[in-house]
Amino acid sequence: MKILRAIVLITFGLLTSLCAQAEGVVVNSGITEMSVSRQFMLSVFAMRTLRWPDGTPVQVFVLPDDNPHHIQFVKSSLHIYPYQLRNIWDRAVFSGSGQSPHVVQTEQEMLERLRIVTGAVGYTSKDLEDEQGVKQLEIY
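Let me sum up the structure you'll find in this document. (Residues numbered from 1 in each chain as written. Predicted model: local features only at pLDDT ≥ 70, side-chain atom pairs only at ≥ 80, totals over all residues. Heavy atoms only, no water.)

What follows covers the side chain of Lys135. Checked against the element boundaries, Lys135 lands in strand 6 (residues 134-139). Within the buried core, Lys135 has no salt-bridge partner, and the shortest N-O distance to an opposite charge, that of Glu33, equals 6.9 Å. Among the polar contacts made by the side chain of Lys135, one reaches the main-chain carbonyl oxygen of Ile31 at a distance of 2.4 Å. Among the polar contacts made by the side chain of Lys135, one reaches the main-chain carbonyl oxygen of Glu33 at a distance of 3.1 Å. (Helix = DSSP H or I, 4+ residues; strand = E, 2+ residues; numbered from the N terminus. Buried < 20%, exposed > 50% of the residue type's maximum accessible area, 1.4 Å probe, protein only. Lys, Arg positive; Asp, Glu negative; His and termini not counted. Salt bridge = Lys/Arg side-chain N within 4 Å of Asp/Glu carboxyl O. Polar contact = N/O pair within 3.5 Å; in protein donor to acceptor, adjacent residues only side chain to side chain.)

As structure tokens, this is what we get:
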């Protein structure tokens, strides 16, 4: 019984890590950074960091809260729960100290917006090999 449980846990861990690798932070190709820290990305998606290190204003795009890709990205890449991120956004909006990100309905719409908006950041589970105007950031 213990061996079966260990196999299930290992398999779940491998599947989770594969899903986490499929999810990635994507930015407009004008962003000069190639990699950023997880803490920096959390600050960006929490709408606390308003500019990239080169001074370009940050424009955050996300999928709806109940979208499976949004849930997976927030958990695996930002290491918080989606409801915690929503609470951060709501608190900033209601206190007047900030705003919430731009919500798009599909990953394709997100990629289109990232392509045309300077300083844009979002995420996708899609392969970016054939995509022009966007690039994936490495998170360390």
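The contact between helix 2 (residues 38-45) and helix 3 (residues 68-78) brings their axes to 10 Å, and the two run at 140°. Contact residues: helix 2 offers Arg38, Met41, Leu42 and Phe45, while helix 3 offers Phe73, Ser76, Ser77 and Leu78. Residue composition of the contact of helix 2 with helix 3, by class: 5 nonpolar, 2 polar and 1 charged. (Axes fitted to C-alpha atoms, helices over the stretch in contact; angles between N-to-C directions. Contact = heavy atoms within 4.5 Å. Nonpolar A, V, L, I, M, F, W, Y, C, P; charged D, E, K, R; others polar.)

On to the nonpolar core, then. The tendency in soluble globular proteins is for nonpolar side chains to be buried side by side. The biggest cluster of nonpolar side chains holds 34 residues, and the ones touching the most others in it are Met41, Phe45, Trp52, Val60, Leu78, Leu114 and Val121. The element best represented in this core is helix 2, accounting for 4 residues. Filtering out sequence-adjacent residues up to four positions away, Trp52 remains in contact with Val27, Ile31, Glu33, Phe40, Met41, Pro57, Val58, Gly119, Val121 and Leu137. (Core = buried A, V, L, I, M, F, W, Y, C linked by side-chain atoms within 4.5 Å.)

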